[in-house]
Amino acid sequence: MIARKNIVVPAVVATFLTALVFSGSLVTGITSVFNASLVAATNLFNIFLIIALVTAMLHSLQVLGADRKMVAPFRRVMRNGHLAFWGLVVVTYFMSLFFWPTPAVPLIGAVLIPVAIRAGLRPMAVGMVVACAGQGMALSSDYVMRVAPGLSAQAGGLDPNSVADRAMVLSIVVGVVALLVGYATEFRKMRAPSAQLLAEWEGRGKSLDPGATPPRERELVETPAGARTAAPAPAAAGGGTVITGEPGEPDGPPCPAEDPPQTPPATHPAASTFFAFLVPLAYLSLIGYMVAAKASGGIPDLEAGEAAGLVGGVAAIIVLFASLVGEGRGFLESSATHVVNGLVFAFKAMGVVLPIAGFFFIGNGEFASEILGTENAGDGILFDLVAAAQQHIPDSPFIAAFGILLVGLVAGLDGSGFSGLPLTGTLAGGLGESAGMSADTLAALGQMGNIWSGGGTLVAWSSLIAVAGFARVPVLDLARRCFLPVMCGLAAAAVVAVVFLG
């Protein structure tokens with residue numbers, strides 16, 4: 001991870017060696033390589049399916065033009081740099097909460113970033129806001145789709161709903177502190193609104209100052225909807241395959257030709273307006289129900305998996321109706337195409353997690369028995385390791401909290417905010433009782449470290465590349481800009497976890 005290398009091969013090798021040493025059988029060692037990924041896929045397929053359905057929904061909305069209409073009203077609010085800063089925070093957070101950050105970045109980049117630049121917000125500040133509100137605060141809680149809490153809870157045998165609730169609180173703590181620190185550093189750098197600022201920013205895609213990052217070359221990139229468009233490649237992106245912590249490939253930023261940018265006319269104006277209201281209203285109603293169920297004992301709470309099922313079910317229904325309106329008689333084929341593309345998208349984005357999660361699942365006794373083909377694997381190998389080292393570990397909630405947070409930060413260095421979640425979840429399950437803290441809280445805290453690190457705020461080889469590309473700033477500089485605010489937020493979250501949630 002520190003060397004920024006893909007960790008699938010080390011995970012597969014470690015799975016083979018662990019099974020070989022545990023069983024003493026070469027056959028078991030070889031079959032465990034397959035069984036580990038199979039067990040991980042069996043337990044995590046619901047996550048892949050919900051990603052596919054939500055992605056399919058977004059594609060079906062793009063056909064109607066409803067995706068742009070959902071954010072267009074916010075352009076009127078951004079009248080100066082200060083309003084643009086917090087307006088971007090609100091829109092990015094809620095769009096990323098429903099659709100995940102990277103699929104939402106092209107939409108925000110095309111519609112709102114040019115408006116924020118013209119209002120007086122610096123491009124570097126724009127990148128920091130989008131990364132912290134989307135890739136950080138929204139993705140680290142993942143409260144609507146609940147992919148991350150599911151991964152954290154699954155490996156540690158914890159309650160996904162409890163982990164999700166604590167992750168939501170901690171994500172807000174990290175996000176608010178990080179954004180306040182970022183706002184304080186940008187306060188005196190705000191500029192007066194001017195069309196010239198937008199013209200200068202647009203020129204970054206064609207010509208950069210000498211001594212800065214090299215000029216970007218035009219290249220063909222895949223948009224989330226599958227169409228090929230010409231866009232500048234993000235500067236300082238580095239080489240190799242980017243493993244993101246959430247779906248979405250880094251797309252280059254569009255070059256707006258007008259000021260302010262105009263939303264292209266929809267093929268079905270009335271339908272696009274209807275769906276632009278329907279989709280947020282449906283998911284806001286779902287969130288309202290979950291909040292009311294938590295606050296009131298008279299409303300039945302959703303069981304584990306039901307929230308994700310509702311999100312996926314609503315997405316599937318919207319895909320069908322949006323395709324019917326947008327494609328007419330061809331909706332049977334188009335809706336199926338959206339779902340297939342969503343599944344391909346989900347496996348491209350999350351498929352790398354399977355062999356990694358499979359290795360970490362060996363540490364859990366329940367999964368280890370399936371992977372190793374034994375009737376009883378005890379409490380789990382990782383639990384045994386923690387128990388053996390327990391006498392050497394101070395029983396301090398603060399040490400446990402900052403230790404889990406540090407493990408999460410390191411696990412995210414590979415640029416995938418989700419691959420380390422089985423590790424921190426399993427560690428939380430083993431350390432919680434001995435440290436005198438809730439294992440759910442520790443798992444949520446490890447989730448913060450994982451996703452804020454690798455999900456796209458602290459490492460330049462993550463999905464931060466997409467944000468930097470749309471903001472037109474060097475990705476390495478953007479990662480450095482996010483470092484201090486994010487680390488302040490994570491430290492504050494660790495203290496809150498111990499004092500209030502422990």
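Engineer: It is not clear to me how the overall build of the chain should be interpreted in this structure. Could you clarify?
Structural biologist: Within the chain, the secondary structure is distributed over 21 helices and two strands. Surface summary for the chain: the accessible area is close to 20,200 Å², and the carbon and sulfur share equals 65%.

Engineer: Which parts of the structure should I look at to understand a nonpolar patch on the surface?
Structural biologist: The grouping of Ile317, Leu320, Phe321, Leu324 and Val325 at the surface amounts to a nonpolar patch, some 440 Å² of accessible area in total. Positionally, valine 325 belongs in helix 12 (residues 306-327). We classify valine 325 as partly exposed; its relative accessible area is 34%.

Engineer: Please explain the pattern of salt bridges as it appears in this structure.
Structural biologist: Side chains that differ in sign of charge can pair as their charged atoms come close. The tally for this structure, following the rule as stated, stands at three salt bridges. In this structure, arginine 481 engages glutamate 186 in a salt bridge whose closest nitrogen and oxygen atoms are separated by 3.3 Å. Here arginine 481, found in helix 21 (residues 475-501), pairs with glutamate 186, found in helix 9 (residues 160-186); they are 295 residues apart in sequence, far enough to count as distant. Of the two residues, arginine 481 and glutamate 186, both sit in the buried class. As a salt-bridge pair, aspartate 477 and arginine 480 come within 2.9 Å of each other at their nearest N and O atoms. Here aspartate 477 pairs with arginine 480, and both are found in helix 21, just three residues apart, close to one helical turn. Salt bridges here are not isolated pairs; linked through shared partners, they connect Arg122, Glu186 and Arg481.

Engineer: Just checking my understanding: could you explain unusual backbone geometry for this structure?
Structural biologist: In this structure, aspartate 142 is a non-glycine residue whose phi angle is positive, near 45 degrees. Its place among the elements puts aspartate 142 in the loop between helix 7 (123-141) and helix 8 (147-156).

Engineer: What's the story with the packing of helix 4 (residues 81-99) against helix 7 in this structure? I'm lost.
Structural biologist: Packed helices, taken two at a time, are described by the angle between their axes plus the distance between the axes. Running from N to C, helix 4 and helix 7 cross one another at 35 degrees; their axes reach a closest spacing of 8 Å. Between helix 4 and helix 7 lies a crossing of right-handed hand. The segment helix 4 lies against helix 7, with Phe85, Leu88, Val89, Thr92, Tyr93, Ser96 and Leu97 engaging Val126, Met128, Val129, Val130, Ala133, Gly134, Met137, Ala138 and Ser141. Per-class residue counts for the contact of helix 4 with helix 7 are twelve nonpolar, four polar and no charged.

Engineer: Please clarify how the nonpolar core should be interpreted in this entry.
Structural biologist: Here is a general trend for soluble globular proteins: nonpolar side chains tend to be buried in one another's company. The biggest cluster of nonpolar side chains holds 142 residues, and the ones touching the most others in it are Met57, Val147 and Phe418. If you tally residues by element for this core, the top one is helix 2 (residues 26-64), at 16 residues.

Engineer: I keep staring at the packing of aromatic side chains and nothing clicks. Help me out?
Structural biologist: Two measures describe an aromatic ring pair: the distance that separates the ring centres and the angle between the ring planes. Counting across every chain of the model gives eight aromatic pairs. For the ring pair tyrosine 93 and phenylalanine 94, a centre distance of 5.4 Å and an interplane angle of 75 degrees mean the geometry is edge-to-face. A relative accessible area of 9% means that tyrosine 93 is categorised as buried. When its relative accessible area of 38% is taken as the criterion, phenylalanine 94 is described as partly exposed. On the numbers, 5.4 Å between centres and 85 degrees between planes, the contact of phenylalanine 274 with phenylalanine 275 is edge-to-face. The class for phenylalanine 274 is partly exposed, based on a relative accessible area of 49%. Phenylalanine 275 sits in the buried class, given a relative accessible area of 4%.

Engineer: How do you make sense of the environment of alanine 276 when you look at a structure like this?
Structural biologist: Along the polypeptide, alanine 276 turns up in helix 11 (residues 269-295). Along the chain, alanine 276 and aspartate 67 lie 209 residues apart, while their C-alpha atoms are 6.6 Å from each other. For alanine 276, the residues in contact, after removing those within four places along its chain, are Ala66, Lys69 and Met70.

Engineer: Explain helix 15 (residues 365-372) to me, please; I cannot follow it from the model alone.
Structural biologist: Within an α-helix, residues lying three or four positions from one another point in the same direction, as the helix has 3.6 residues per turn. Across the eight residues of helix 15, six count as buried, placing the element largely inside the fold. For helix 15, the set of buried residues is Gly365, Phe367, Ala368, Ser369, Ile371 and Leu372. Check the buried side of helix 15 and you find it contacts helix 1 (8-23), helix 2, helix 8 and helix 14 (353-361). Phi turns positive one or two residues past the end of helix 15, at glycine 373, with a value near 75 degrees.

Engineer: Before we go on, may I ask you to explain the confidence of the model for the chain in this structure?
Structural biologist: Atomic detail in the predicted coordinates should be set aside for any region of low pLDDT. Model confidence for the chain is summarised by a mean pLDDT of 77, while 79% of its residues fall at 70 or above. The weakest mean pLDDT in the chain belongs to strand 1 (residues 218-222) at 32; the strongest belongs to helix 9 at 93. Here residues 206-266 is modelled with pLDDT under 50, and outside its nearest four sequence neighbours on either side it reaches 128 contacts, counting other chains as well.

Engineer: It is not clear to me how the state of the cysteines should be interpreted in this structure. Could you clarify?
Structural biologist: One way to say it: the disulfide is the covalent bond shared by the sulfur atoms of two cysteines. Taken as a whole and judged by the stated rule, the model has zero disulfides. Looking at cysteine 132, it has no disulfide partner, and the nearest cysteine sulfur is the one in cysteine 482, 4.5 Å off. We classify cysteine 132 as buried; its relative accessible area is 0%.

Engineer: Looking at this structure, I do not really get the packing of helix 7 against helix 19 (residues 439-457). What am I missing?
Structural biologist: The contact between helix 7 and helix 19 brings their axes to 9 Å, and the two run at 145 degrees. Where helix 7 crosses over helix 19, the handedness of that crossing is right-handed. For the pair helix 7 and helix 19, the contacting residues are Ala131, Cys132, Gln135, Gly136, Met137, Leu139, Ser140 and Ser141 in the first and Gln447, Met448, Ile451, Trp452, Gly455, Gly456 and Thr457 in the second. Residues that form the contact of helix 7 with helix 19 fall into these classes: seven nonpolar, eight polar and no charged.

Thresholds, definitions, all that
Residues numbered from 1 in each chain as written. Predicted model: local features only at pLDDT ≥ 70, side-chain atom pairs only at ≥ 80, totals over all residues. Heavy atoms only, no water. Helix = DSSP H or I, 4+ residues; strand = E, 2+ residues; numbered from the N terminus. Areas by Shrake-Rupley, 256 points an atom, 1.4 Å probe, with all protein chains shown as cover. Patch = residues over 30% accessible without salt bridge, like charges linked within 9 Å, V, L, I, M, F, W, Y side chains within 5 Å. Salt bridge = Lys/Arg side-chain N within 4 Å of Asp/Glu carboxyl O. Buried < 20%, exposed > 50% of the residue type's maximum accessible area, 1.4 Å probe, protein only. Axes fitted to C-alpha atoms, helices over the stretch in contact; angles between N-to-C directions. Left-handed = near helix turned anticlockwise from the far one by under 90°. Contact = heavy atoms within 4.5 Å. Nonpolar A, V, L, I, M, F, W, Y, C, P; charged D, E, K, R; others polar. Core = buried A, V, L, I, M, F, W, Y, C linked by side-chain atoms within 4.5 Å. Phe/Tyr/Trp six-rings, centres within 6.5 Å; stacked < 30°, edge-to-face > 60°. pLDDT = per-residue confidence, 0-100. Disulfide = S-S within 2.5 Å.

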